[in-house]
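The lines below spell out each chain.
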Amino acid sequence: GSLTAVRGRLLWFGDDPFLTCPSKAVHYYEDGLLVCEDGKITYAGPYESARNAVPPRATFVHYPNHIIMPGFVDTHTHYTQTGMIASYGEELIEWLEKYAYPEEMKFRKKEYADKVANLFCDELLRNGTTSALVMCATYPQSVDALFEASNRRGMRLAAGKVLMDRNAPKELLDESVEEAKRQTEKLIDKWHGNGRSVYAVIPRFAISCTSEMLYAASELWKSRRGLLMHTHVSENPDEIAKVRCLFPDADGYLDVYKRHGLLGKGAIFAHGVHLTLKELATCHKKQSALAHCPTANLFLGSGLFSLRDAKRRARPVEVGLGTDVGAGTSFSVLALMNEAYKIAALKDYPVDAVRLFYLATLGGARTLRMHKKIGKLEPGYEADFIVLDPEATPVLANRTRKSEGRIEELLFALATLGDDRAVEATYVAGRLVHNRDKKKSGPRQN
Ligand code: GUN
Ligand code: FE
């Protein structure tokens, strides 16, 4: 089988640094070695003690001073909105009607969907994102296009068709709840567990779903093991008010989902900007996770998510980071860390780099219930990892030199100044799938 070995600064998280002290959560080897065989990690530890154990037939690459860590996990995004990213001037509801829905209608054409799906997957890998939870359009062929593209690249992606049967243009709506169920069941049969793909049942949000559709979503979610449930919640004040009108009996937005059996392990709610402490406690109790989408929340003027409230030690909620393209303005998870830091700073909560990188890797993996397979560099884990270059730009290089190898300072510089340029290489299942400098010299062999 294939054998890959890489040498550099190895970093991953064994535990949640919001809940334990960082020294317990962080695994770090200044001069480390990572060995993968047939897509799985077989060794991760000090280089010195294992250098002789690397078989001569292994592809060996030394990345001096680079940081080798688990691939980023994007816990909420829309591949169908790649083409209308950077659309000006509206808040959520108007932005959906004016920009997002018209773009999503184009995904009825498989050809268009294929083109965007390939661009999207390449862009994930170029940014060091090896796994993501992705909303597709209403049309089943938009799901086929994405999973075909991600399977071709060997990626572990979770995705599904969006369910919506009201309050959107007719061409985009499901014909009926029954037809939406049939289509979803077919997609689950086709894609759930096909390659590394995971199917996610996606009632788009309470505004676009009737009560009947929400019940159907719950039923579909529970129909097979390992399915995810993904939706939006409490993103924008006008949205929340509208949900109150549509579901007057419910005790708030999250309760709409709760009443329809949509809370539980494997449920991931995007945004949650305006959730109350009581609602956050419900998320904790129901083991439901949140996707924090900093760039999208700023871009649509939705509000400031409180990481401190979500990660309260008494009732912590699992949180991952989401690019939420096309409301989000970047595919880069490093850019998300940068904005997440600033949002937290506005709330007097200077979240440190260890916590930010945790959210982007193991935190994301936990959010997507993939933490036994990805998110760590430990033997048995799937070999999805990235190589970050702390000297990717002149300013970053200058700042890195000043940090004199202090890893937390280096990580904070990468989180603040980094983007796709800092991703030197991306490996999926032990295979090099993105190599930044390939046009120059290719990976340095030993
Ligand atoms: N709520 C419902 N649909 C969407 C969407 O496409 N993007 C965002 N940001 N919020 C939503
Ligand atoms: Fe979204």
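Residues numbered from 1 in each chain as written. Chains lettered and ligands numbered in written order. Predicted model: local features only at pLDDT ≥ 70, side-chain atom pairs only at ≥ 80, totals over all residues. Heavy atoms only, no water.

1. Some words on unusual backbone geometry
In step 1: Cis geometry is found at the peptide bond from V325 to G326, where omega equals 0°.
In step 2: Mapped onto the secondary structure, G326 falls in the loop between β13 (319-321) and α12 (333-346).
In step 3: The backbone phi angle of H271 is positive, close to 80°, even though this residue is not glycine.
In step 4: Locating H271 in the fold gives a position in strand β11 (residues 267-271). (Helix = DSSP H or I, 4+ residues; strand = E, 2+ residues; numbered from the N terminus.)

2. Observations regarding the coordination of the iron ion (ligand 2)
In an ideal tetrahedron of four donors about a metal, each angle is 109.5 degrees. In an ideal octahedron of six donors, the angles are 90 or 180 degrees.
In step 1: Looking at the iron ion (ligand 2), one finds its protein donor set to be H76 (NE2), H78 (NE2), H232 (NE2) and D324 (OD), positioned 2.1 to 2.3 Å from the metal centre.
In step 2: Taken together, the four donor atoms surrounding the iron ion (ligand 2) define angles of 83 to 175° at the centre, an arrangement classified as irregular. (Donors = N, O, S within 2.8 Å, 3.2 Å for Na, K, Ca; no water. Tetrahedral: all angles 85-135°; square planar, octahedral: opposite > 155°, others 65-115°.)

3. Some words on the side chain of S330
In step 1: Within the secondary structure layout, S330 lies in the loop between β13 and α12.
In step 2: From its side chain, S330 meets the backbone nitrogen of S332 in a polar contact 2.9 Å long.
In step 3: The residues touching S330, leaving out its near neighbours within four places in the chain, are I85, T295, T323, V325 and A335. (Polar contact = N/O pair within 3.5 Å; in protein donor to acceptor, adjacent residues only side chain to side chain. Contact = heavy atoms within 4.5 Å.)

4. Structural notes on the domain arrangement of the protein chain
In step 1: In terms of domains, the protein chain is made up of domain 1 (3-70 + 376-435) and domain 2 (72-367).
In step 2: One C-alpha centre belongs to domain 1, the other to domain 2, and the line joining them spans 28 Å.
In step 3: Every contact between the two is made by 34 residues of domain 1 and, on the other side, 36 residues of domain 2.
In step 4: Buried area between domain 1 and domain 2, summed over both chains or domains, comes out near 2900 Å², and the portion from carbon and sulfur atoms is 67%.
In step 5: The largest per-residue losses of area from domain 1 upon contact with domain 2 belong to F13, F18 and A415, which jointly make up 24% of the total buried on that side.
In step 6: Seen at the junction of domain 1 and domain 2, the total is six salt bridges.
In step 7: Notably, a salt bridge pairs D15 with R366, separated by 3.7 Å at the nearest N-O pair.
In step 8: At the surface where domain 1 touches domain 2, the tally comes to ten residue pairs in polar contact (both at pLDDT 80 or more).
In step 9: Mapped by element, the contributors of at least two residues to the side of domain 1 that touches domain 2 are β4 (59-70), β14 (385-388), α16 (407-417), β15 (423-428) and β16 (431-435).
In step 10: For the side of domain 1 that touches domain 2, a count of residues per class yields 20 nonpolar, five polar and nine charged. (Domains from an automatic or database assignment. Buried area = accessible area lost by both parts, 1.4 Å probe. Salt bridge = Lys/Arg side-chain N within 4 Å of Asp/Glu carboxyl O. Nonpolar A, V, L, I, M, F, W, Y, C, P; charged D, E, K, R; others polar.)

5. Observations regarding the side chain of K161
In step 1: Here K161 is to be found in the loop between β7 (156-160) and β8 (162-163).
In step 2: Judged by its relative accessible area of 1%, K161 falls in the buried class.
In step 3: Looking at K161, its side chain comes within polar contact range of the main-chain oxygen of T138, at 2.8 Å.
In step 4: K161 has contacts with C136, A137, T138, V143, D174, A180, Q183, T184, L187, Y199 and I202, leaving out every residue within four places of it along the chain. (Buried < 20%, exposed > 50% of the residue type's maximum accessible area, 1.4 Å probe, protein only.)

6. Looking at helix α4 (residues 140-152)
In step 1: Its 13 residues place the ends of α4 18 Å apart at the C-alpha level, agreeing with the 18 Å of an ideal helix rising 1.5 Å per residue.
In step 2: Turning to α4, its buried residues number three or more, namely P140, S142, V143, D144, A145, L146, F147, A149 and S150.
In step 3: Buried residues belonging to α4 abut α3 (110-126), β6 (129-135), β7, α5 (177-191) and β9 (198-203).
In step 4: Where α4 terminates, the next one or two residues include G154, which has phi positive at roughly 75°. (Expected span 1.5 Å × (residues − 1).)

7. Some thoughts on the sheet that holds β4
In step 1: The seven strands lie next to each other as β3-β2-β1-β4-β14-β15-β16, forming an open sheet whose pairing is mixed. Two strands in the sheet have a free side with no partner beyond their single neighbour: β3 (40-46) and β16. Shown here is a sheet whose adjacent strand axes are inclined to one another by a mean of 35°, direction ignored.
In step 2: The sheet contact formed by β14 and β15 spans four bridges and is antiparallel. If you follow L388 over to β15, its bridge partner there is V423.
In step 3: This element, α16, spans β1 (3-13), β2 (26-37), β4 and β14 of the sheet and lies at about 85° to β4. (Pairing = 2+ DSSP bridges. Axes fitted to C-alpha atoms, helices over the stretch in contact; angles between N-to-C directions.)

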